[in-house]
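Letter by letter, the chains look like this.
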Amino acid sequence: MGFNCGIVGLPNVGKSTLFNALTATQAAEAANYPFCTIEPNLGRVAVPDERLEICARLAKSAKIVPTQLEFVDIAGLVRGAAKGEGLGNQFLGHIREVDAIAHVLRCFADGNVTHVEGTLDPVRDAETVETELLLADLESLDRRIKAAEKKARGQDKESIAQLVVMERVNALLAEGKPARAMSVSAEEQPLFKSLQLLTAKPVLYIANVEEAAAASGNPLSARVMDFAKARGAGAVVISAAIESELAQLPEAEKREYLASLGLDTPGLDRVIHAGYRLLDLITFLTVGPKEAHAWTVPQGTKAPRAAGAIHTDFEKGFIRAETIAYEDFVASGGEQGAKEAGKMRLEGADYVVRDGDILHFRFNL
């Protein structure tokens, strides 16, 4: 079960530098000219979770396996992308395939790094990208509405239902608002998702600041935070340059370096956790002497589907889930203590998995 976050933004804002730091590789060539990244680079990153390490210690697990997210470094977009300017068509095609958007905004001045617009203005840059996505969605909807109208005239029920949703979205887009701002009922959700609208994807704004502003931000990043808040979106302030340096250091030196900058944790951890929340994901754990393993599932997942995240056979033959809440597992000193304290529950197929649950699945092939 894959979940991915596309890293987008104008050229030369630090997308590839951030991606390289996230994946601790130099997979994405970082250079000072537009369209350095043409084909999207893919990288899987571990989601930091101290609960996994604590459970592993209690269970004396031989191995720790964290859950992961996939980040996709996508080519820089320019004004006019919806009409094919620059690498617009490729950009829009690649972003359509991701689950969520991590939008990097340049909030640092550097005379050695050109800005495609000539001046620094992260809010303008954010609006430029969103406008291109809006235009692409309007064009896509226009084609779909015309096709659905023809079928609707023949009393095609599915097309009639689609038209209702598409016309509402179209009106919203025409007002300059993204599709994610539309209220969608549970019944409409499948139709809405099938439209694959770019502006329907959840967005995290990443304000990329200079090294000196990594701890407290700067006036430009403050504008980004206000912009994100006004749109109900998440926002994180980082210095991609610092994160790039951190990625090359041993763990012991990382802590010293962070402390010297007045930081408690790497900015990348905040980006990863924010991306995780953006995708509305939770983590459950399986813990034993062989390994402590974290697994990713969407919020609201029921026990059989969670079992399927480990192996499809577990879902097919699901019987029960032995369940211990993380807090009970720790307070009881591990699985045996939790069982003795009556903290282990047997849950059936209707059980909705909670974040941090320690689960053991009973199944029958």
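A brief report on the enclosed structure follows. (Residues numbered from 1 in each chain as written. Predicted model: local features only at pLDDT ≥ 70, side-chain atom pairs only at ≥ 80, totals over all residues. Heavy atoms only, no water.)

## Some details on the overall build of the protein chain
Within the protein chain one finds 14 helices and 12 strands. Taking 365 residues into account, the globule formula puts the C-alpha radius of gyration at 21 Å, and the protein chain, at 23 Å, falls close to it. The dimensions of the protein chain, computed from C-alpha atoms along their principal axes, are 65 × 65 × 35 Å. Taking all 365 residues of the protein chain together, the buried fraction comes to 48%. Relative to all contacts within the protein chain whose residues are 6 or more apart in sequence, the contacts with residues 24 or more apart total 68%. As displayed, the protein chain has an accessible area near 17600 Å², and 50% of this comes from carbon and sulfur atoms. The centroid of the 40 positive side-chain charges in the protein chain is displaced by 5 Å from the centroid of its 50 negative side-chain charges. (Helix = DSSP H or I, 4+ residues; strand = E, 2+ residues; numbered from the N terminus. Rg over C-alpha atoms; globule rule 2.2 N^0.38 Å. Buried < 20%, exposed > 50% of the residue type's maximum accessible area, 1.4 Å probe, protein only. Contact = heavy atoms within 4.5 Å. Areas by Shrake-Rupley, 256 points an atom, 1.4 Å probe, with all protein chains shown as cover. Lys, Arg positive; Asp, Glu negative; His and termini not counted. Charge placed at Lys NZ, Arg CZ, Asp CG, Glu CD.)

## Section: the packing of helix α4 (residues 122-153) against helix α7 (residues 219-230)
At a closest axis distance of 9 Å, the pairing of α4 and α7 adopts a crossing angle of 45 degrees. Here α4 is positioned oblique relative to α7, judged by the angle of their axes. In this structure, α4 contributes P122, V123, A126 and E127 to the contact, and α7 contributes L220, R223, V224 and F227. Residue classes in the contact of α4 with α7 are distributed as 6 nonpolar, no polar and 2 charged. (Axes fitted to C-alpha atoms, helices over the stretch in contact; angles between N-to-C directions. Parallel < 35°, antiparallel > 145°, perpendicular 65-115°, else oblique. Nonpolar A, V, L, I, M, F, W, Y, C, P; charged D, E, K, R; others polar.)

## Digging into the environment of S216
With respect to the secondary-structure elements, S216 resides in the loop between β6 (203-208) and α7. Classification of S216 by relative accessible area gives exposed; the value is 66%.

## What to know about helix α11 (residues 303-310)
Listed in full, the buried residues belonging to α11 are A303, P304, A306, A307 and G308. For α11, the secondary structure elements touched by its buried residues are β8 (281-287), β9 (291-298), α12 (312-316), β10 (318-324) and β12 (358-363).

## Regarding the environment of K15
Note that K15 resides in helix α1 (residues 15-23). Given a relative accessible area of 7%, K15 falls into the buried group. Taking the C-alpha atoms as reference points, K15 and H103, 88 residues apart in sequence, are found 8.6 Å from one another.

## Quick look at the pairing of strand β4 (residues 68-73)
Burial of β4 is extensive: 5 of the 6 residues sit out of reach of the surface. Sheet analysis places strand β1 (residues 4-8) next to β4, joined by 4 bridges and oriented parallel. Its bridge partner being in β4, I7 is matched across the sheet by D73. (Pairing = 2+ DSSP bridges.)

## Some points on the sheet that holds strand β2 (residues 41-46)
With respect to topology, 6 strands assemble into an open sheet ordered β2-β4-β1-β5-β6-β7, the strand pairing being mixed. One side of each edge strand has no neighbouring strand; the edge strands of this open sheet are β2 and β7 (234-238). On average, each strand axis in the sheet is inclined to that of its neighbour by 25 degrees, with strand direction left out of account. Lying on the sheet, α7 is in contact with β5 (100-106), β6 and β7; it crosses β7 at an angle near 165 degrees.

## Considering the packing of aromatic side chains
This structure, assessed with the given rule, holds 5 aromatic pairs. Here Y205 and F227 contribute two aromatic rings whose centre-to-centre distance is 5.3 Å and whose plane-to-plane angle is 75 degrees, an arrangement assigned as edge-to-face. Note that Y205 is positioned in strand β6 and F227 in helix α7, a separation of 22 residues in sequence. With a relative accessible area of 2%, Y205 lands in the buried category. A residue is classified by how much of its surface remains accessible, and F227, at 7% relative accessible area, is buried. Here a set of aromatic residues connected by ring pairs shows up, and it is made of F284, W295, F318 and F361. If you follow R106 out to its NZ or CZ, it ends over the ring of F108, 4.6 Å from the centre. (Phe/Tyr/Trp six-rings, centres within 6.5 Å; stacked < 30°, edge-to-face > 60°. Lys NZ or Arg CZ within 6 Å of the ring centre and 35° of its normal.)

## With respect to the side chain of E130
Along the chain, E130 turns up in helix α4. A residue is classified by how much of its surface remains accessible, and E130, at 13% relative accessible area, is buried. When sequence neighbours within four positions are dropped, the list of residues in contact with E130 reads P178, R180, Y205 and R231.

## Notes on the packing of α4 against helix α5 (residues 157-174)
Running from N to C, α4 and α5 cross one another at 150 degrees; their axes reach a closest spacing of 9 Å. Relative to α5, α4 is oriented roughly antiparallel. Our pair here, α4 against α5, has a crossing hand that is left-handed. On the side of α4, the interface is formed by L134, D137, L138, L141, R144, I145, A148, E149, K151 and A152, while α5 contributes S159, I160, L163, M166, E167, V169, N170, L173 and A174. (Left-handed = near helix turned anticlockwise from the far one by under 90°.)

## Details of α1
The buried fraction of α1 amounts to 8 of the 9 residues, a majority that puts the element mostly inside the structure. K15, S16, L18, F19, N20, A21, L22 and T23 are the residues of α1 that are buried. Remark: A24 follows α1 within two positions and exhibits a positive phi of approximately 55 degrees.

The values are spatial; any link to function lies outside them.
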